[in-house]
Amino acid sequence: MQLLAKWEWKKLLRDWKTRILLIGFFLFFSSFSLLYKQQTLTFPEQEMHEQYQTIHNIFNAIPKSVFDGEDGEEVYDNLAKLQSLYGMQLYILTKREGNTIEGFEHVFDGYLENGANIAQHNATLLTLTDFEYYDFLLGYLPDVEKIHQDVAFYDYMAKHELDVEWNAFSASNILLQEINMLIGVVLFLFVALLGCDRFTRDQVKNWSITHGLPIPWRKQWHLRTLHLWILMWLVTIGGVLMSYVISLFTESAGSLWYPVLLYTPNGYTPVAIWQYALLALGLAMLLSYLLMLITVGLSWVFRTIYLTLILTLSTYFIPQFWLVVQPFTSWQPSLYFHIEAVLMGEMAQATGLTGIYFWKGILIMLVLFILTEVLFAGIFDRIQTQSLGLKRRGKL
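Only a predicted model underlies this, so the values are computations on that prediction, with no experimental measurement involved.

Caption draft 1: Examining a nonpolar patch on the surface more closely. A cluster of nonpolar residues, F321, L323, V324 and V325, forms a patch on the protein surface that exposes about 390 Å² of accessible area. Position of V325 relative to the elements: it lies in the loop between helix 15 (305-314) and helix 16 (339-343).

As structure tokens, then:
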């Protein structure tokens, strides 16, 4: 078995297609920070300016006489306070000195205190349902869930004594964006390109050798899948780390403790960027190994590389079906193919199923591992391969 493993490693690393793919993806991952900075992003201070302008527009849109009616005075006071708070937040962000401005600590509150007050005033406005322009006002206010997320965010920031991140191109934020990018369609593409011909080309080019191997197909399937999976993640993690180091030298470092809101049974829970990254990568590794098993197995079943490639890539788009047709349960396996959407709660919102949590995805993938093993065990034992120019060989 060790001799077979060594032979497989040498054959794999000497394959020109594999080398080109690994080098190409490594260059892509390692240069992500440079590519990401070519985008035009909205910085936090610009977002805060838009919020400030929104309150100003609300004042201009609502007739002054309306504020004399029921709940009108309270609405006016809360809007005025919101405009003042947004103005202070904007001023703090433009100074880029952290949560407070040196010398003005006793003049006005810091960024976190102002943020908590903004959430409180927004929550109060949602309760003033007798206001004549309440429906109009509702179109500009965050919903209750968003307010709870904001409160959790500011509480986490205060607990860990973190400064607000003003730079959308900080190293920590670029790392977060790269993690979200690679756990999406890029993951499926990488797996499909690496594994789509692992058996097909090999059986055609090396038929005289592979036909005589006294090793069951199932063992070869596991071995080739593991080798490809290891190479894939060595390249991926190496590229991500290289990109992060580059961004540390070209932009502000940010903080790996900065919060990301994770969707859990307890609602949206803030976790550090590094914790989110480890969880996302762990789920991606599980999913990628499952996909690699299926892709390499299909390359044994089908002679055409393109069919295997299409079938693997098409699995990424299966969750789109559930945006049109209501899924019958949160245990539907394909719902968990979009890892970021599951972690951020977007899949739960899109489907209306509140029980789509990442821990269910882990259990489902483990079940799929077992089903895949059973399925391909039957395929290797029963499906004939004469169409590939091969003859069946019994197990030792």
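Caption draft 2: Examining the pairing of strand 1 (residues 259-264) more closely. Of all six residues in strand 1, six are buried, a share of seventy percent or more. In strand 1, alternate side chains face the same way, and those of P259, L261 and Y263 on one face and V260, L262 and T264 on the other are all buried. Examined bridge by bridge, strand 1 and strand 2 (residues 267-272) share six bridges and lie antiparallel to one another. Residue pairing in the sheet places Y263 in a bridge with Y268 of strand 2. Between strand 1 and strand 2, which pair antiparallel in sequence order, lie two residues.

Caption draft 3: Expanded view of the packing of aromatic side chains. Following the criterion strictly, the structure yields 28 aromatic pairs and no others. Ring geometry for W322 versus F328: centroids 6.5 Å apart, planes at 85°, classification edge-to-face. For F328, a relative accessible area of 68% puts it in the exposed group. In this structure an aromatic cluster arises from ring pairing among F25, F28, F29 and F190.

What counts, and at which threshold
- In every chain, residue numbers begin from 1 and rise along the written sequence.
- Given that this is a predicted model, residues contribute local features only at a pLDDT of at least 70 and side-chain atom pairs are listed and counted only at 80 or more, while totals for whole chains, interfaces and linings are drawn from all residues.
- Computation of side-chain values: all heavy atoms of the structure, hydrogens and water removed.
- Nonpolar side chains (Val, Leu, Ile, Met, Phe, Trp, Tyr) are joined into patches within 5 Å and like charges within 9 Å, using only residues with over 30% relative accessible area and no salt bridge.
- Method for areas: the Shrake-Rupley scheme with a 1.4 Å probe, in which residue coverage is limited to the protein chains shown.
- One side-chain nitrogen of Lys or Arg within 4 Å of one carboxyl oxygen of Asp or Glu is enough to make a salt bridge.
- A run of DSSP states H or I qualifies as a helix once it reaches four residues; a run of E qualifies as a strand once it reaches two. Both are numbered from the N-terminal end.
- Here's how the labels work: a residue is buried when its accessible area is under 20% of the maximum for its type, exposed when over 50%, partly exposed in between, all with a 1.4 Å probe on protein chains only.
- Strand pairing is assigned whenever DSSP identifies at least 2 bridges connecting the two strands.
- Note on aromatic contacts: the rings of Phe and Tyr and the six-membered ring of Trp form a pair at centre separations within 6.5 Å, being stacked when their planes are under 30 degrees apart, edge-to-face when over 60 apart, and tilted otherwise.

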